[in-house]
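Reading the structure
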Amino acid sequence: MLNNKIQDAINNQINAEFYSAYLYLSMANHFEAEGLSGIANWFKVQFKEEQAHAEIFMNYINQRGGRVILAAIEAVPTSWASPTEAFKATLEHEQKVTASINALYTLAIEEQDYATRDRLAWFVSEQVEEEDNCRQLIDKLSLIGDNGMGLYMIDRELATRTYTAPSILAQE
Ligand code: FEO
């Protein structure tokens, strides 16, 4: 059985994952409208990944005999000045998510909830990957600067990103 402190903290994290999903869906729609469908595709995949993160936490609470409480999702921004601005906002957001996963990990240790700590270890590694992906894209965009052909090439590259459900979900 999950203790209330841990259950509340995971429910807050579920809300944060859905907020992330909503944020990236908003970015996907923004770039679709801007004619950058490859970048839109990248954010659509990101949206699906965030939904999967929320699902992993929901499954976990249910497995431990707890209660999932879905709260209201805060409204998200709807436009960004450029792809660079959107990816910078994404990195900043992911850094906040990393901090909240780390705080949850610390709480699990304090509460001696080792099963929760184990489940969170997957998220700790996932955050390293998410931040790294963003940094690489920001670096690429800074290399191309105002070059339209460069942006066209990046858009084509990001059009190839596909969603794969995390293996941790398939095992459940
Ligand atoms: Fe669910 Fe992007 O962290």
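This section reports on the structure supplied with the text. Bear in mind that the values here come from a model prediction, so they are computed numbers and not experimental data. (Residues numbered from 1 in each chain as written. Predicted model: local features only at pLDDT ≥ 70, side-chain atom pairs only at ≥ 80, totals over all residues. Heavy atoms only, no water.)

**So, the overall build of the chain**
- Helix and strand content of the chain: 6 helices and 0 strands.
- When the helices and strands of the chain are listed from N to C terminus, the series reads α-α-α-α-α-α.
- For the chain, whose C-alpha radius of gyration is 17 Å, the value lies close to the compact-globule estimate of 16 Å for 172 residues.
- Taken along the three principal axes of its C-alpha coordinates, the chain extends 55 × 25 × 25 Å.
- Classification of the 172 residues of the chain by burial places 44% in the buried group.
- The long-range fraction of contacts in the chain, counting pairs at least 24 apart against all pairs at least 6 apart in sequence, stands at 81%.
- Entry remark: accessible area of the chain is about 9,100 Å², with carbon and sulfur atoms responsible for 51%. (Helix = DSSP H or I, 4+ residues; strand = E, 2+ residues; numbered from the N terminus. Rg over C-alpha atoms; globule rule 2.2 N^0.38 Å. Buried < 20%, exposed > 50% of the residue type's maximum accessible area, 1.4 Å probe, protein only. Contact = heavy atoms within 4.5 Å. Areas by Shrake-Rupley, 256 points an atom, 1.4 Å probe, with all protein chains shown as cover.)

**Overview of helix α2 (residues 37-63)**
- Over its 27 residues, α2 extends 39 Å from the first C-alpha to the last, a length consistent with the 39 Å expected when each residue adds 1.5 Å.
- One or two residues past the end of α2 sits Gly65, with phi positive at roughly 75°. (Expected span 1.5 Å × (residues − 1).)

**So, unusual backbone geometry**
- With a phi angle near 55°, Gln112 is a residue other than glycine that sits in the positive phi range.
- Residue placement: Gln112 occurs in the loop between α3 (83-110) and α4 (114-144).

**Section: α4**
- Between the first and last C-alpha of α4 there are 46 Å, a value that for 31 residues agrees with the 45 Å anticipated at 1.5 Å per step.
- Within α4 the residues assigned to the buried category are Thr116, Arg119, Leu120, Phe123, Glu126, Gln127, Glu130, Glu131, Cys134, Leu137, Ile138 and Leu141.
- Within two residues after α4, Gly145 carries a phi angle of roughly 55°, on the positive side.

**As for the pattern of salt bridges**
- In the structure shown here, the tally under the stated rule is 7 salt bridges.
- The closest approach of N and O atoms between Lys5 and Glu111, which form a salt bridge, is 3.3 Å. Taken as a pair, Lys5 in helix α1 (residues 4-33) and Glu111 in the loop between α3 and α4 lie far apart in primary sequence, 106 residues in all.
- For Lys5, a relative accessible area of 51% translates into the label exposed. (Salt bridge = Lys/Arg side-chain N within 4 Å of Asp/Glu carboxyl O.)

**A closer look at the environment of Glu74**
- Mapped onto the elements of the fold, Glu74 is located in the loop between α2 and α3.
- Measuring from C-alpha to C-alpha, the distance between Glu74 and Ser125 comes to 26 Å, with 51 residues separating the pair along the chain.
- In contact with Glu74, other than residues within four places in its own chain, are Tyr19 and Tyr22.

**Focus: the packing of aromatic side chains**
- As enumerated under the stated definition, the model contains 7 aromatic pairs in all.
- Both rings, one in Trp42 and one in Phe87, keep their centres 5.1 Å apart while their planes meet at 75°; by these two values the pair is edge-to-face. Taken together, the residues Trp42 in helix α2 and Phe87 in helix α3 connect sequence positions 45 residues apart.
- For the pair Phe43 and Phe87, a centre-to-centre distance of 4.9 Å together with 25° between the ring planes defines the contact as stacked. With Phe43 in helix α2 and Phe87 in helix α3, the pair connects residues that are 44 residues apart, well separated along the chain. Here Phe43 matches Phe87 in class, with each residue buried.
- Among the aromatic residues, those joined into a cluster by ring pairs are Tyr24, Phe31, Trp42, Phe43 and Phe87.
- Against the face of Trp42 rests Arg161, its NZ or CZ located 4.4 Å from the ring centre. (Phe/Tyr/Trp six-rings, centres within 6.5 Å; stacked < 30°, edge-to-face > 60°. Lys NZ or Arg CZ within 6 Å of the ring centre and 35° of its normal.)

**Observations regarding the nonpolar core**
- Counting residues in each nonpolar core, the largest one holds 24 residues, and the members touching the most others are Leu23, Met27, Phe31, Ile39, Phe43, Phe87 and Leu158.
- Looking at this core element by element, the count peaks at 7 residues for α1.
- Among all residues touching Leu23, those that are not within four sequence positions of it are Val76, Pro77, Trp80 and His93.
- Within the second largest apolar cluster, 22 residues are counted, among which are Phe18, Ile56, Leu104 and Leu120. (Core = buried A, V, L, I, M, F, W, Y, C linked by side-chain atoms within 4.5 Å.)

These results come straight from atomic positions and should not be treated as a statement about function.
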